[in-house]
Amino acid sequence: MKKIAILTCLNANRVCTGAGCLRAFNEKTGSFARYAEDGLRLMAFFHCPGCGIAPAQDDGTLEKLERLEKIGVTCVHVGVCGMTDARQNVLCPTMAELVELLRQRGIGTVLRTHN
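Small disclaimer: the values here were computed from a predicted structure and weren't measured. (Residues numbered from 1 in each chain as written. Predicted model: local features only at pLDDT ≥ 70, side-chain atom pairs only at ≥ 80, totals over all residues. Heavy atoms only, no water.)

A.B. asks: Is there a simple way to explain the side chain of T113 in this structure?
C.D. replies: Topologically, T113 is positioned in the segment after strand 6 (108-111). Judged by its relative accessible area of 1%, T113 is buried. With residues up to four places along the chain from it excluded, the contact list for T113 reads I6, C21, A24, T29, G30, S31, F32, H77, V78, G79 and V80. (Helix = DSSP H or I, 4+ residues; strand = E, 2+ residues; numbered from the N terminus. Buried < 20%, exposed > 50% of the residue type's maximum accessible area, 1.4 Å probe, protein only. Contact = heavy atoms within 4.5 Å.)

Okay, structure coming up:
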């Protein structure tokens, strides 16, 4: 069974309920279609630390990454809200740094959760 997490933009949560991400997860559409035949478990739904905050310098973010490792998350799906240009899959600087920290810890990443 695959253990994944969803990462979204802190600022986007002012207007976002997460419904699109969760619908795609539940229906195995968007970036979750790849798991249609596999067992899949959503282990965490978390947010970046916010614009201008360096994830590598943020104790809360580092604690989140440790927790993801401890619960066995193997892949984090990054919401479209974490991109400055969704058509080109360009991550905002904070998300880009966070994705790099995840990869350094051996946790894979997939850009986008839904279209």
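A.B. asks: What am I meant to see in the environment of A56 here?
C.D. replies: Relative to the helices and strands, A56 is located in the loop between strand 2 (40-47) and helix 2 (59-70). The partly exposed category is assigned to A56, whose relative accessible area is 30%. On a C-alpha basis, the gap between A56 and Y35 in space is 30 Å, while along the polypeptide they are 21 residues apart.

A.B. asks: Just checking my understanding: could you explain the nonpolar core for this structure?
C.D. replies: Counting residues in hydrophobic clusters, the biggest one holds 21 residues, and the most contacted among them are A5, L7, L68, V76 and M95. Elements with a minimum of two residues in this core: strand 1 (2-8), strand 2, helix 2, strand 3 (75-78) and helix 3 (93-104). When residues in this core are grouped by element, the largest group, five residues, is from helix 3. If sequence neighbours within four positions are ignored, M95 has contacts with L7, T8, C9, C48, V78 and G82. (Core = buried A, V, L, I, M, F, W, Y, C linked by side-chain atoms within 4.5 Å.)

A.B. asks: Got a minute to help me understand the packing of aromatic side chains in this structure?
C.D. replies: Under the defined criterion, the tally for this structure stands at one aromatic pair. When the centroid spacing of 5.7 Å and the interplanar angle of 85° are considered together, the rings of F25 and F32 count as edge-to-face. Note on accessibility: F25 and F32 belong to one class, buried. Above the plane of the ring of F25 lies K28, whose end atom (NZ or CZ) is 4.7 Å from the centre. (Phe/Tyr/Trp six-rings, centres within 6.5 Å; stacked < 30°, edge-to-face > 60°. Lys NZ or Arg CZ within 6 Å of the ring centre and 35° of its normal.)

A.B. asks: Looking at this model, I keep getting lost on the pattern of salt bridges. Mind explaining?
C.D. replies: Once their charged atoms are close, side chains differing in charge can pair, the charge on each being opposite to the other. All chains considered together, the criterion is met by two salt bridges. Among the ionic pairs, E63 bridges to R67, the shortest N-O distance being 2.9 Å. Taken together, the residues span about one helical turn, with E63 and R67 both in helix 2 at a distance of four residues. Overall, E63 belongs to the partly exposed group, its relative accessible area being 44%. With its nearest N and O atoms 2.6 Å apart, the salt bridge here joins R105 to E69. Of this pair, R105 sits in the loop between helix 3 and strand 6 while E69 sits in helix 2, and the two are 36 residues apart along the sequence. (Salt bridge = Lys/Arg side-chain N within 4 Å of Asp/Glu carboxyl O.)

A.B. asks: Just to check I follow, could you spell out the sheet that holds strand 1 for this structure?
C.D. replies: Strand pairs in the sheet, formed through backbone hydrogen bonds, run parallel or antiparallel to each other. The strand order across the open sheet built from four strands is 2-1-3-6, with neighbouring strands paired in parallel fashion. Only two strands of the sheet have a single neighbouring strand rather than two, namely strand 2 and strand 6. This sheet shows a mean twist of 25° between the axes of neighbouring strands, independent of strand direction. Here strand 3 runs beside strand 6; their pairing, made up of four bridges, is parallel. (Pairing = 2+ DSSP bridges. Axes fitted to C-alpha atoms, helices over the stretch in contact; angles between N-to-C directions.)

Spatial relationships are all this shows, so hold off on functional conclusions.
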